[in-house]
Amino acid sequence: MTAYIIRRLLYLVPIVMGVLLVTFCLFTLVGGDISQQIAGKNADAETIAEIRHEYGFDKPLFLAWDSQFLDHFKKAFTFNFGRALDREKIGEKILRGVGPSLALTVPMFLGTLVISISFSLIVAFLRGTVWDHIIVFLCVAGMSIPYLSFIIFGQYYFAYKLDWFPIFYDPSRPIYLSIILPALIGIVAGLGSSLRFYRTIMLDEIRSDYVRTAFAKGLTSRKVLFKHVLKNAMIPIVTNTVLSIPYLILGSLLLERFFGIPGLGYLMIEAINARDFFVLNAMTFIMALLIAFFTLVTDVCYAWVDPRVKFD
Amino acid sequence: MNGFIKTYRIVLLFVLCLLTLCIPGCSEKDNGGKSDEMVLRHRMGTKLQTLDAGNMRGVYSMMVGGQIYETLYTFHFLKRPYELIPQLADGMPEISDDHLTYIIRIKKGVLFQDDPCFPNGKGRELKAQDFVYSLKRIANIKYASQNWYSFKDKIVGLDAFREYTKQFKSESEVDYGREVQGVKALDDYMIQIILNKPWPQMIETIFADNMSSPMAKEAVGCYGKDIIRHPVGTGAYRLKTWQRGSYIELVKNENWRGELYPTEGGPGDEEAGYLDDAGKSVPFADRLIWRVIEEDQPAWLLFMRGEIDGMGIPKDNFNEAVKLENREVTDEMKDRGISLKHFDDPSVFWIGFNMQDPILGKNKPLRKALSRAFDREHFIDLFLNGRGHVAHGFVAPGLDSYDPEIKKYGYSKYDLQQAGQLLEEAKKIHGGPIPKLTLAMPGTDTFSKQYGQFIQRQFQKIEIELEVNYMDWPTYMAELNKGQLQLFSSGVSASYPDAIDFLTLFGTKYFAPGGNKFFYSNPDFDALLEKAEVMFPASERLELYRTMERMVMEDYPAVFTSHRISYILHHSWYKNYKPHVFSYGLSKYRNIDLADRNGYKRKLKALKKKDQ
């Protein structure tokens, strides 16, 4: 197991290098020079040249010790991403956004997970009945409605009309008050696809011989579903769950924007709109690291949930 | 299984009960603090970039920065036409006979706000040297201020100072003690400015603009690059909280010297209640709050809930707020006590032609045909909800030199028949059919796309094919400045009440990256511009401005489309909300009727009952 983990960690090195190369090409070569944008609408050539110098855009791209490419590597490996276009430190921006993003996405994720797994067990058990059909219909309907519609309706009806929740994030009040509604909207909007996914997994398991045997032995439904079916369905659940974790940190782009949650989703949208490649670059790199790391965690978890999995 | 489902139902019921109990406690009670505290609450449509005065250019930076920093001069809050008055200056400047030397005295006893950058944290007195330092800082190339273009070639010795700064590696290494002949502190309270040539708009351009607000050298030294979020000013308010990207809060600056609300205003101000507070001490509000709300829906809902005091009208809510037939607020708004203000924004928008383009530049009939084919009134109705005037020229209404007779010249006439005839002429000049033209739109949002398609349809009416490229802003700007765009959608708003701001857009010496993005060049116009730029306000100048405007219009360097009319809604408790298009530091004059505001929730409940 240890050897396997070490081997997988070593695999991360070329992956990270590849990511750095791709982000460099994407943001530096394809993205183009953003010095004019920083210098302002009416800046003269001198000011633009000065900005180019300040941000290192006048350095050689590859073939030099102080090339832009090596700078790019240096910044990534030291986690010192420099300053964003608005001259704020990128590290500070990211750290500030992680908390609010997680405050929104973790309850959303857990809520969706718990509800969809529980309901998927029930509907798998009730497969072919009216309840199964109704739930599948609702899932498909939920999946067909655009995410934005859930947000607009939820905000208008539950926050404005019924006055149950704050319309928008208010820093003078605890953040949990501002995230309840967006989290609920996120759960409802994500439930359709999630429930359908888990229902399919549960159906595969529930049709197995060992389930029939368990019921024949006289075990209770609860015991069969939670002890046997759920345990055997854990591999796809673990894969789906662990690989979702990096995206929790990234936050929810639309929900954060509509409810003013100052998280990383909001930061990403702002950076995209402002063509702030410094921020986008840092976020892409961090995401790549997280995804690579959690892929490894997923593989390790397989052995934990399924004793048949061996690391050779 | 039945037992299993039963257990589940119980759990679900429990969760629902818990939610029902929690939910009423989640709603917003009041975010304006205590009910007896006077708080102004605003929306900010995009995040604030900087609070470093020397590099401020965006509207939102000015809106917030204008409360923290002060300028030597400002525009009177109420009087129209706009009148310059001293703010930090002690009287109007003394100007030499040759209009080259300005002596400006500054008020004594003005203090910077308290800040840890000062000894013992106590704000020191403002001195003339602070202004000199702030201007030199903008000239410092290592600082790379966005505002340098306003100063270039204008002040004796300042360009040389900029050259001198090139040798250093960073902003802080520069010796600000180095003498600049044109910017001097004659003593602690007297500034001398010497110009290269007369500059009649200098006070409006520089000394009534936040960019020239005095910065304390100690603050810049103390905070370095982080000065963008540590503003240290002399204004009525100081920064308390800035949660970047979401929330800004200012509180009263205890060191502010105080001021009285104006006792004189413009015509109709007394009847409108703008003089109700005449002679009272300002500022009225204890705190100023801006919430960054980029989406229109939450901003609109917060406004309707009474949690934002005033805001512009989102396009999608226009019909809900304003009756189209008489441009008054709807009954629903009236019931809520919401009022509407509209005023001419000194702006002009256009579809510009690149005059260096081989197809457009040498073909005036083609440019004229495109102008004739564009239905401006339809555009204003469709895209601006009627919130605009047809642009018959490019000088915006509301400015002194706006020519009320400009319409009669017919530059913006919508005439498809004439457009067709002109196109035939254009084809002869071109030597065949006009090839497909390309228009650049500075955005990829829905508005840009709809507008791009609208322009396409307009030109199709005379069988001109148009390809539209939707670009992000930086790419658009880069290509525009390099003269790589054939047609482009753009616009500009005057930053001070003088049409020279618009006229310079067509001077050869202002070719992009300067203001002339059309690359329009007309030696006769240039000669008049040289003359106009050094002329002080007089009837002769007015005539000259109008002649120059017509000269440009005759050449059709653009399809000038509209001048914007701004519409603002505000609640009944928001007092002294007189629109002002050139000054930003006006929050100190705004007042709140607390009883009215505190009764708004009751009003909403009563309206709800009435609806039921």
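Residues numbered from 1 in each chain as written. Chains lettered and ligands numbered in written order. Predicted model: local features only at pLDDT ≥ 70, side-chain atom pairs only at ≥ 80, totals over all residues.

**Thoughts on the overall build of chain A**
- Scanning chain A from terminus to terminus reveals 14 helices and zero strands.
- Walking chain A from its N terminus toward its C terminus, one meets helices and strands in the order α-α-α-α-α-α-α-α-α-α-α-α-α-α.
- Viewed in the frame of its principal axes, chain A has a C-alpha envelope of about 85 × 60 × 30 Å.
- For chain A, the proportion of its 312 residues judged to be buried stands at 34%.
- Within chain A, counting contacts between residues at least 6 apart in sequence, those at least 24 apart form 68% of the total. (Helix = DSSP H or I, 4+ residues; strand = E, 2+ residues; numbered from the N terminus. Buried ≥ 20, exposed ≤ 12 C-beta atoms within 10 Å, placed from the backbone. Contact = placed C-beta atoms within 7 Å.)

**Focus on the overall build of chain B**
- When you go through chain B residue by residue, the secondary structure sums to 19 helices and 24 strands.
- By the compact-globule yardstick of 25 Å for 612 residues, chain B fits well, its C-alpha radius of gyration being 27 Å.
- The C-alpha extent of chain B, read off along each of the three principal axes, is 85 × 70 × 55 Å.
- The burial tally for chain B puts 44% of its 612 residues in the buried class.
- The contacts of chain B with a sequence gap of at least 6 include a subset with a gap of at least 24, amounting to 68%. (Rg over C-alpha atoms; globule rule 2.2 N^0.38 Å.)

**Details of the packing of helix H6 (residues 130–144) of chain A against helix H8 (residues 175–206) of chain A**
Residue and element names in this part refer to chain A.
- Relative to each other, H6 and H8 sit at 135°, their axes nearing to 7 Å. By the criterion of interaxial angle, the relationship of H6 to H8 is oblique. Considering only the axes of H6 and H8, their crossing is left-handed. In this structure, H6 contributes Cys139, Val140, Gly142 and Met143 to the contact, and H8 contributes Leu191, Gly192, Ser193, Leu195 and Arg196.
- Considered class by class, the residues forming the contact of H6 with H8 number five nonpolar, three polar and one charged. (Axes fitted to C-alpha atoms, helices over the stretch in contact; angles between N-to-C directions. Parallel < 35°, antiparallel > 145°, perpendicular 65-115°, else oblique. Left-handed = near helix turned anticlockwise from the far one by under 90°. Nonpolar A, V, L, I, M, F, W, Y, C, P; charged D, E, K, R; others polar.)

**Observations regarding the pairing of strand E17 (residues 347–353) of chain B**
All names here are of chain B.
- Counting buried positions along E17 gives seven out of seven residues, so the element sits mostly inside the fold.
- Across the two faces of E17 the burial is the same, with Ser347, Phe349, Ile351 and Phe353 and Val348, Trp350 and Gly352 all buried.
- Of the strand pairs in this sheet, E17 and strand E22 (residues 558–571) are connected by four bridges, and their pairing is antiparallel. Residue Ile351 lies in a different strand from E22, and its bridge partner there is Val559. (Pairing = 2+ DSSP bridges.)

**What about the sheet that holds strand E6 (residues 183–187) of chain B?**
Residues and elements named next belong to chain B.
- One open sheet accounts for four strands, arranged E4-E5-E7-E6; its pairing is antiparallel. Pairing within the sheet leaves two strands with one partner each, and these edge strands are strand E4 (94–95) and E6.
- Bridge count for E6 against strand E7 (residues 190–194) is four bridges, and the pairing is antiparallel. Looking across to E7, one finds that Lys184 is bridged to Gln192.
- Here helix H3 (residues 128–139) sits on the sheet in contact with E6 and E7, set at roughly 170° to E6.

**A closer look at the pairing of strand E8 (residues 237–243) of chain B**
All names here are of chain B.
- The pairing of E8 with strand E9 (residues 247–252) spans six bridges and is antiparallel. From the neighbouring strand, Trp242 faces E9, where its bridge partner is Ile248.
- What sits between E8 and E9 in their antiparallel hairpin is a turn of three residues, with Gly245 showing a positive phi close to 85°.

**Thoughts on the nonpolar core**
- Counting residues in hydrophobic clusters, the biggest one holds 194 residues, and the most contacted among them are Leu439(B) and Leu503(B).
- Looking at this core, you find at least three residues from each of domain 1 (14–78) and domain 2 (96–273) of chain A.
- Not counting the four nearest positions on each side in its chain, Leu439(B) is found in contact with Ile351(B), Gly452(B), Ile455(B), Leu466(B), Val468(B), Leu487(B), Phe488(B) and Ser489(B). (Core = buried A, V, L, I, M, F, W, Y, C linked by C-beta atoms within 7 Å. Domains from an automatic or database assignment.)

**Thoughts on the sheet that holds strand E12 (residues 287–292) of chain B**
Residue and element names in this part refer to chain B.
- In space, the four strands of this open sheet follow the order E1-E12-E9-E8, with mixed pairing throughout. Each having just a single partner strand, strand E1 (39–44) and E8 make up the two edges of the open sheet. Strand-to-strand twist across the sheet, computed as the mean angle between neighbouring axes with direction ignored, equals 20°.
- Across the sheet, helix H2 (residues 59–68) is in contact with E1, E8, E9 and E12; its angle to E8 comes to roughly 135°.

**With respect to the domain arrangement of chain A**
- Considered domain by domain, chain A is made up of domain 1 (14–78) and domain 2 (96–273).
- Placing a centre on the C-alpha atoms of domain 1 of chain A and another on those of domain 2 of chain A gives a separation of 40 Å.

**Considerations on helix H10 (residues 221–232) of chain A**
- Its twelve residues give H10(A) an end-to-end C-alpha distance of 15 Å, which sits within 8% of 16 Å, the value for a rise of 1.5 Å per residue.
- In this structure, the buried residues of H10(A) make contact with helix H5 (90–125), H8 and helix H9 (209–216) of chain A. (Expected span 1.5 Å × (residues − 1).)

**Some points on the confidence of the model for chain B**
- Taken as a whole, chain B shows an average pLDDT of 92; of its residues, 94% reach a score of 70 or greater.
- Scoring the predicted complex yields pTM 0.87 and, for the interface, ipTM 0.85. (pLDDT = per-residue confidence, 0-100.)

**Some remarks on the interface of chain B and chain A**
- Taken together, the contact between chain B and chain A spans 45 residues of the former and 44 residues of the latter.
- Elements that contribute at least two residues to the side of chain B that touches chain A include exactly helix H1 (2–22), helix H7 (296–304) and helix H14 (473–481) of chain B.
- Residues that form the side of chain B that touches chain A fall into these classes: 21 nonpolar, twelve polar and twelve charged.

**With respect to unusual backbone geometry**
Residues and elements named next belong to chain B.
- For the peptide bond that leads from Arg80 to Pro81, omega is -5°, which places it in the cis range.
- For Pro81, the position within the fold is in the loop between strand E2 (73–75) and strand E3 (84–86).
- Residue Pro283 is bonded to the preceding Val282 through a cis peptide linkage, with omega at 5°.
- In this fold, Pro283 is placed in the loop between strand E11 (281–282) and E12.
- The phi dihedral of Glu463 is positive, around 60°, even though this residue is not glycine.
- Locating Glu463 in the fold gives a position in the loop between helix H13 (446–460) and strand E20 (466–470).
- Taking the C-beta count within 10 Å as the criterion, Glu463 has 11 such neighbours and is therefore assigned exposed.
- Residue Tyr556 is not a glycine yet carries a positive backbone phi of 50°.
- Counting through the fold element by element, Tyr556 comes out in the loop between helix H17 (539–555) and E22.

**A short note on the environment of Thr239(A)**
- Structurally, the position occupied by Thr239(A) is in helix H11 (residues 234–250).
- Considered as a pair, Thr239(A) and Phe285(A) are 46 residues apart in the sequence and their alpha carbons are 22 Å apart.

**With respect to the environment of Asp276(B)**
Residues and elements named next belong to chain B.
- Relative to the assigned elements, Asp276 resides in the loop between strand E10 (259–260) and E11.
- On the neighbour-count criterion, Asp276 (13 C-beta atoms within 10 Å) is partly exposed.
- The sequence separation of Asp276 and Leu84 amounts to 192 residues, and the corresponding C-alpha distance is 23 Å.

**Here's the deal with the environment of Ser172(B)**
- Relative to the elements of secondary structure, Ser172(B) occurs in the loop between helix H4 (158–165) and E6.
- Judged by the 14 C-beta atoms lying within 10 Å of it, Ser172(B) is partly exposed.

**Brief notes about the confidence of the model for chain A**
- For chain A, the average pLDDT comes to 86, and 99% of its residues sit at 70 or higher.
- Within chain A, no element has a lower average pLDDT than helix H2 (residues 35–39) of chain A, which sits at 79, and none a higher one than helix H7 (residues 147–161) of chain A, at 95.

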